[in-house]
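If you want the building blocks of each chain, they are given just below.
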Amino acid sequence: MFFTGNMSRDELIRNKKRFYLVGGVMLFIGFVSVSMPMLASFAIETLLGFFLLAVGFCNAFGAFSAARSGDSPWQQAFMAVISIAAGFIFLTHPLAGVMTLSVLLAFYFLVDGIAKIFEYFRLRSIGGSVWMLFSGLLGIALAFMMWKNFFSGAAVIGIILGIDLIFGGISLILLGRGCSELAKRL
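Only a predicted model underlies this, so the values are computations on that prediction, with no experimental measurement involved.

A. Representation of the pattern of salt bridges. Across all of its chains, the model carries three salt bridges by this definition. Between E119 and R122 there is a salt bridge, with its nearest N and O atoms 2.7 Å apart. In this pair, E119 and R122 are both assigned in helix α4 (residues 94–123), three residues apart and thus about one turn of the helix distant. For R122, a relative accessible area of 60% gives the class exposed.

Here is the structure:
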């Protein structure tokens, strides 16, 4: 769909408008998320709670259907109960959900940082590998900062979302600009 070799000028202009629109919305939401990271963290946590409930109810339906046909869907029924319970907890206790996500993210940064440091020692003869070491140390430092202060750790979730949305929005806007320049040449 995005391969421009077969696109007409009209298709490029239509895609340009879509890229500008979606990129602009992503950029706006990204800046809001970075400026209000706790609000964004709670929004992510609430969305995750709804997703867990939906997965749980789908698993429950699948387990019920399998049981009616004579199968033994114990694993699916167990996952339905776990997903529904987790979704319910996330929605009824949002602070606990954000703190849980914060702890998981801190653990991820710690493990990822350690893995990058080990990778640095394997690749240290390659130029630029010091950045791998720096990234690993930064990940470990971030993990410990998140462990030390849960509220700043919870805010990191919103900040990461915001940064991702900002860079995604910028890339779509630049892609729209590229479509515009290519359309001018056709």
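B. The arrangement of the packing of aromatic side chains in detail. Under the defined criterion, the tally for this structure stands at three aromatic pairs. A ring pair is formed by Y120 and F121, whose centres lie 5.1 Å apart and whose planes are at 65°; its orientation type is edge-to-face. Using a relative accessible area of 15% as the deciding quantity, one classes Y120 as buried. Overall, F121 belongs to the partly exposed group, its relative accessible area being 45%. Ring centres 5.8 Å apart and planes at 85° place the aromatic pair W131 and F134 in the edge-to-face group. Here W131 pairs with F134, and both are found in helix α5 (residues 130–148), just three residues apart, close to one helical turn. F134 sits in the partly exposed class, given a relative accessible area of 47%. Note that R18 overlies the ring of F19, its terminal NZ or CZ placed 5.1 Å from the centroid.

C. Representation of the packing of α4 against α5. One way to put it is that α4 packs onto α5 with a least axis distance of 7 Å and a crossing angle of 155°. The pairing of α4 with α5 is recorded here as roughly antiparallel in orientation. Considering how the two elements wind past one another, α4 and α5 form a crossing that is left-handed. Along the lines of polarity and charge, the residues of the contact of α4 with α5 split into 19 nonpolar, five polar and two charged.

D. View of the environment of R185. Looking at the secondary structure, you find R185 in helix α6 (residues 150–185). The exposure class assigned to R185 is exposed, which follows from its relative accessible area of 65%.

E. Broad picture of helix α1 (residues 9–35). Taking 1.5 Å of rise per residue, the 27 residues of α1 would be expected to cover 39 Å, and the 38 Å separating its terminal C-alpha atoms lies within 8% of that figure. Among the residues of α1, L12, N15, K16, F19, G23, L27, G30 and S33 are the ones counted as buried.

F. Quick look at a nonpolar patch on the surface. A grouping of L21, V22, V25, F28 and I29 is seen on the molecular surface, where their side chains present a nonpolar patch of about 480 Å² in accessible area. With respect to the element layout, F28 can be found in helix α1.

G. Structural context of the packing of helix α2 (residues 37–68) against helix α3 (residues 74–92). Across the interface, α2 lies against α3 with an axial gap of 7 Å and an inter-helix angle of 155°. Considered as vectors, α2 and α3 are oriented roughly antiparallel to each other. Of the two possible hands of crossing, α2 and α3 adopt the one that is left-handed.

H. A look at the side chain of N15. Its location among the elements puts N15 in helix α1. A residue is classified by how much of its surface remains accessible, and N15, at 7% relative accessible area, is buried. Of the polar contacts made by the side chain of N15, one reaches the side chain of R18; its length is 2.5 Å.

About the cut-offs
- Residues numbered from 1 in each chain as written.
- Predicted model: local features only at pLDDT ≥ 70, side-chain atom pairs only at ≥ 80, totals over all residues.
- Heavy atoms only, no water.
- Salt bridge = Lys/Arg side-chain N within 4 Å of Asp/Glu carboxyl O.
- Helix = DSSP H or I, 4+ residues; strand = E, 2+ residues; numbered from the N terminus.
- Buried < 20%, exposed > 50% of the residue type's maximum accessible area, 1.4 Å probe, protein only.
- Phe/Tyr/Trp six-rings, centres within 6.5 Å; stacked < 30°, edge-to-face > 60°.
- Lys NZ or Arg CZ within 6 Å of the ring centre and 35° of its normal.
- Axes fitted to C-alpha atoms, helices over the stretch in contact; angles between N-to-C directions.
- Parallel < 35°, antiparallel > 145°, perpendicular 65-115°, else oblique.
- Left-handed = near helix turned anticlockwise from the far one by under 90°.
- Nonpolar A, V, L, I, M, F, W, Y, C, P; charged D, E, K, R; others polar.
- Expected span 1.5 Å × (residues − 1).
- Patch = residues over 30% accessible without salt bridge, like charges linked within 9 Å, V, L, I, M, F, W, Y side chains within 5 Å.
- Areas by Shrake-Rupley, 256 points an atom, 1.4 Å probe, with all protein chains shown as cover.
- Polar contact = N/O pair within 3.5 Å; in protein donor to acceptor, adjacent residues only side chain to side chain.

Geometric values such as these leave the question of function open.
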